[in-house]
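# Structural characterization, general
The chain contents come next:
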Amino acid sequence: MKYVLVTGGVVSGLGKGVTASSIGLLLKACGLRVTSIKIDPYLNTDAGTMSPFEHGEVFVLDDGGEVDLDLGNYERFLDIKLTRDNNITTGKIYQSVLEKERRGDYLGKTVQVVPHITDAIQEWIERVAFIPVDGKEGPADVCVIELGGTIGDIESMPFIEALGQFSYHVGPGNFCLIHVSLVPVLNVVGEQKTKPTQHSVRGLRGLGLTPNILACRSTKALEDNVKAKLSQFCHVAAENILTLYDVPNIWHIPLLLRDQKAHEAILKGLNLLGAAREPDLQEWTARTRVYDILHEPVRIAMVGKYTGLSDSYLSVLKALLHASVTCRRKLVVEWVAAGDLEDVTAKEAPDVYNNAWDLLKGSHGVLVPGGFGDRGVQGKILAAKYARENKVPFLGICLGMQIAVIEFARSALGLHDANSTEFDPETSHPCVIFMPEGSKTHMGGTMRLGSRRTYFKVPNCKSAKLYSNASFVDERHRHRYEVNPNMVPQFENAGLSFVGKDETGRRMEIIELPSHPYFVGTQFHPEFKSRPGKPSALFLGLIAAASGQLDAVLKNYGHESKLLPNGISNGKPSVKTYQNGNAIKSSNGSLNGVYSNGNGVHH
């Protein structure tokens, strides 16, 4: 096994995750099998209880692992399926060591950071690196490890020590260290400054790790004299100093690395030059070019609670993007804070209220993503009502589906106090209820998590067609509440169709309004399995409906040889279907190439 370690210096948020993903993609394009590990130095055992405001979205894996959003980048770029153990946290390591200590495994020794914690880290890395993640037998060729945080952080010290020991343990030719650092340009002087990177590398070397490659983040390509200076003071060959300058979208990063021969430097460091081919990124390049020339917009109103930070909905944004590129439309996300649509805002801040409604009404489609808590719920209900009554394409995910059911109960069934027991435990019409097996005392890891099967009950529905007329599909879940099965007959009699259910038939997984152009809600999170070349089926449905292409997509989707009307191949569905049985900010002001109204989007 060969290992590539990606570390970061100077400041956080330089895009280590995108860099690590791009390196993995580049090595995969060279014919190698690649796996990934993300190290997060925080004490939480996983990301499940962390606020999206603080840490971005919680990414969910097939095995139910709630992990850092960078694992989503790895899965999307490399088209692999990782496990919960591919995300290492300080909490997980200490928990495993303390469990051993309690069992008496250390035979009375004093348990210390060195060697017990550092040994546990190395053992974890070696064990997980050998787990196949690409659906093939046997281990991968290369494991890309990303160390979260910044060199010098107190909490990452045990990991730095462990990785220093690990590089010695696996030996030269099996370990390559890539250090991502910042080369700022001061407006006053206008020149690229190398001192921050020099200090960062000096700190790294002082901790026992020597970088083989420097990946420098800057607004533009590094000048030759700057490269020479970095080479001299950081003891890194000039040809191993790469620039990751600002680009229109992150799909350019693997191409940037390829153009600077990053793969040759890595393969040389890992003694793999003879085992790999020249990188084949033809399909990736073609898709990136299409992305760059898109001009006809498709406007999607994102009605949510965390609209102040786009990373809270990173996978949703990516899934929208994958679908819009397939439909040859330029994605424009209109961020609508759900609370701004409510009557209370109309009284307190009429301008904010009017602006929110203008954005909603000016959109081609409406998306209500998942979330927790009762803030903004009424605004989401109003958005679902607007989309339903005005025949605007709508996709509700998890809470978004539950919102659509509540709205339908109130409007179509006349049950004006219908609600979820999450928001009103005493409601007389509980159309959304707490799961029977859920825990009300513990937050972490107690939801219905990971890949579960959904069976299509209505063969001719839009969802089944989008999933290539599958009889069932596996998608990832993360929820505590679900539609009350006792009320389903009432809903169905009024025209709401529950087209997808679990194996028991008691859990409602997909809703549709047959009388509506595209009104779909899912209890699962389809965004987690969307890939650049294989967009999520239901997101593709939303974008196609919003851009007037749904009929063509429904007719053609699932037939690989055919092209959509826009000339883009439909690829394959992004999930297994069965028959019968730190974002890099772009130079043009877009966020990873996704254009938004800028309402409270910060980086």
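Residues numbered from 1 in each chain as written. Predicted model: local features only at pLDDT ≥ 70, side-chain atom pairs only at ≥ 80, totals over all residues. Heavy atoms only, no water.

To keep things clear, this is the line we draw: UniProt positions are given in the numbering used here, feature names are shortened, and annotations may be inferred rather than shown by experiment.
Looking at an unreviewed UniProt entry, the chain carries the name CTP synthase, with the source organism given as Populus euphratica. According to the UniProt record, the Function (unreviewed entry) comment for the chain reads "Catalyzes the ATP-dependent amination of UTP to CTP with either L-glutamine or ammonia as the source of nitrogen."

## Let's talk about the confidence of the model for the chain
Cut-off, in case you're wondering: Each residue carries a pLDDT score, the predictor's confidence in it, ranging from 0 to 100. We call two residues in contact whenever any of their non-hydrogen atoms come within 4.5 Å of each other.
Mean pLDDT over the chain works out to 88, with 90% of the residues at or above the 70 mark. Contacts of residues 558-603 to residues separated by more than four positions or lying in other chains number 135 contacts, the stretch itself having pLDDT below 50.

## A short note on empty space enclosed by the protein
The gaps left among the atoms become clear once a water-sized probe is rolled over them. Note the cut-off: In this analysis, the protein atoms alone were mapped onto a 1 Å grid. Cavities are point sets where a 1.4 Å probe fits without being able to get out; pockets are open sets with protein on both sides within 12 Å along at least five of seven lines; lining residues have an atom within 4 Å of a point. Grid points are joined across faces, edges and corners, and a volume is the space filled by probe spheres set on the points. Classification convention: Asp, Glu, Lys, Arg as charged; Ala, Val, Leu, Ile, Met, Phe, Trp, Tyr, Cys, Pro as nonpolar; all other residues, Gly among them, as polar.
Empty space within the largest cavity amounts to approximately 80 Å³. Looking at side-chain class alone, the lining of the largest cavity contains four nonpolar, three polar and three charged residues.

## Notes on the sheet that holds strand β15 (residues 430-434)
Quick note on the threshold: At least two DSSP bridges between two strands are needed for those strands to be called paired. Only DSSP runs of H or I covering at least 4 residues are called helices, and only runs of E covering at least 2 are called strands; the numbering of each starts at the N terminus. Only C-alpha atoms enter the line fits that serve as axes; for helices the fit covers just the stretch in contact. Angles between N-to-C directions range over 0 to 180 degrees.
The strand order across the open sheet formed by three strands is β14-β15-β18, and the pairing between neighbours is mixed. On the outer flanks of this sheet lie β14 (419-420) and β18 (481-483), each paired with one strand and no other. Examined bridge by bridge, β14 and β15 share two bridges and lie parallel to one another. In the strand pairing of β15, Asn419 is matched with Pro430. Relative to β15, helix α16 (residues 399-411) is tilted by about 150°, and along the sheet it contacts β14, β15 and β18.

## Focus: the sheet that holds strand β8 (residues 213-218)
Judged by pairing direction, the sheet is parallel, and its seven strands sit side by side in the order β5-β2-β6-β1-β7-β8-β9 without closing on themselves. Unpaired on one side and paired on the other, β5 (87-89) and β9 (241-245) mark the two borders of the sheet. In this sheet, adjacent strand axes meet at a mean angle of 20° when their direction is disregarded. Looking at chain direction, strand β7 (residues 175-182) and β8 are connected through five bridges and run parallel. Its bridge partner being in β8, Ser181 is matched across the sheet by Cys216. Contacting β1 (2-8), β7 and β8, helix α7 (residues 195-206) runs over the sheet at an angle of about 145° to β7. Relative to the sheet, helix α10 (residues 262-269) contacts β1, β7, β8 and β9, its axis offset from that of β7 by approximately 140°.

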